[in-house]
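Structural overview
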Amino acid sequence: MKRITILGSTGSIGRSALDVISRHRDRFKVVALSAGSNIGLFEKQIRAFTPEIVAVANEASAQELRKRVGTWHAVSLLSGQDGIAEVASYEKSDFVLSAIVGSAGLIPTISAIHSGKTIGLANKEALVMAGKIVTEEAKKYGVKILPVDSEHSAIFQCIEGHKRSDVRRIILTASGGPFVDKTIGEMNNITPEEALKHPSWDMGKKITIDSATLMNKGLEVIEACYLFGIPPERIDVLIHPQSIVHSIVEFNDRSCIAQLSVPDMKGPIAYALSYPERLDDIVVGLDLERISSLTFKRPDNECFPCLSYAYRAIEAGGTMPSVLNAANEVAVAAFLHDKIRFNDIPVIIKKTMDCHVPQPETELDTVIEADRWAREKAEEVIKKLKIKN
Ligand code: MG
């Protein structure tokens, strides 16, 4: 029986993971959960999976939850950063699924590594902000990081059993999001509602907007650099609107191995949970005859400059990826609140990066300070932009 912790259990990845676990109760036992502020759903999850320890983001939510759960179930109920860190390092757990969205996932992921758990990493920001620290600490504590992002799970599945020195190139595929065929002029008046309609993947709001700007792919390039120890110049991106080929590894002999399946996050989640074994019928079968054609094209850098900013950030190194990520989080939140236009997102990121002198990212504090600085700077840039009416 594998004992599982899920950080961010009420989010899209967390819910899918619990769905997989509910169908394999003979293999997995949920022992610890953390959530943000969706108390209604969290209560249901606690009742359904009876974890031993849980934490929520703040004390007000914890009090509400205590009222609701009452004495029904003997669960340790904690709150705040310390509470989530305690859940992340819970001693009776074997595996931590790190699925908190955004930079908030960094510290709990480090806590889980320090307590020696196997990590299923769905939170990409931990690697984007502090890839060097996260991978070095994982090595130091003998911790395996299993990627849950679909592209990285694909690469992991293709690369296993091969020498890293035999890998020539990684090709990350991108659905391209809903606006892949639009011109830059057409993109100016995109509303949050339009941007939230993703053609192939069902995901949370933040990542859906990141998919529409291609920043998601940019963050994934950085993630891949650290996960697989491959430099950015050997990582390419291709738009593949069908989202069937999840990524490709090209070897020195020019042979390529790809991983294919229907686009469903339960696939990579289940693979990380059950690794090195595979569970039966996690997603529906692939009907290539019905899909009939798989297409690929290069991303348009003029319409989607975020991808090139991510390359610029990883090449600059140090704290620059952290700044890229923080400026993007601020810009996406402003877009979702209708404060800026869709095409302003890359402008805010670029202006924030232009003002930053990268520092070496050897200490967690330096990374967190860069994140804080970038948020402030990005807010400043937004204020200076013409407010959308
Ligand atoms: Mg992905």
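Residues numbered from 1 in each chain as written. Predicted model: local features only at pLDDT ≥ 70, side-chain atom pairs only at ≥ 80, totals over all residues. Heavy atoms only, no water.

1. Points about the packing of aromatic side chains
Note the threshold: Centre distance within 6.5 Å is the pairing criterion for rings of Phe, Tyr and Trp, where only the six-membered ring of Trp is used; planes under 30 degrees apart are then read as stacked, over 60 as edge-to-face, and the remainder as tilted. Only protein chains enter the accessibility calculation, which uses a 1.4 Å probe; a residue whose area is less than 20% of its type maximum is buried, one above 50% is exposed, and one in between is partly exposed.
Going through the model one piece at a time under the given rule, you end up with five aromatic pairs. Summarising the aromatic geometry, the rings of Y271 and Y275 are spaced 5.8 Å apart at their centres and angled 80° between planes, so their arrangement reads as edge-to-face. As far as burial versus exposure is concerned, Y271 and Y275 are alike and both buried. Ring centres of F335 and F342 lie 5.5 Å apart, and the angle between their planes is 70°; this geometry places the pair in the edge-to-face category. In this pair, the class of F335 matches that of F342, namely buried. In this structure an aromatic cluster arises from ring pairing among F156, Y271 and Y275.

2. Quick word on the coordination of the magnesium ion
Applicable threshold: Metal donors were taken as nitrogen, oxygen and sulfur atoms no farther than 2.8 Å from the ion, or 3.2 Å where the ion is Na, K or Ca. Water is excluded, so coordination may look unfinished. Secondary structure follows DSSP: runs of H or I at least 4 residues long count as helices, runs of E at least 2 residues long count as strands, and numbering of each begins at the N terminus.
In this structure, D149 (OD), E151 (OE) and E220 (OE) serve as the protein donors to the magnesium ion, at separations of 2.1 to 2.2 Å. Between consecutive donors of the magnesium ion, the numbers of intervening residues give the motif D-x1-E-x68-E. Here D149, found in the loop between β7 (145–147) and α7 (150–159), pairs with E220, found in helix α10 (residues 215–228); they are 71 residues apart in sequence, far enough to count as distant. Across the pair, E220 and D149 agree in class, each one buried.

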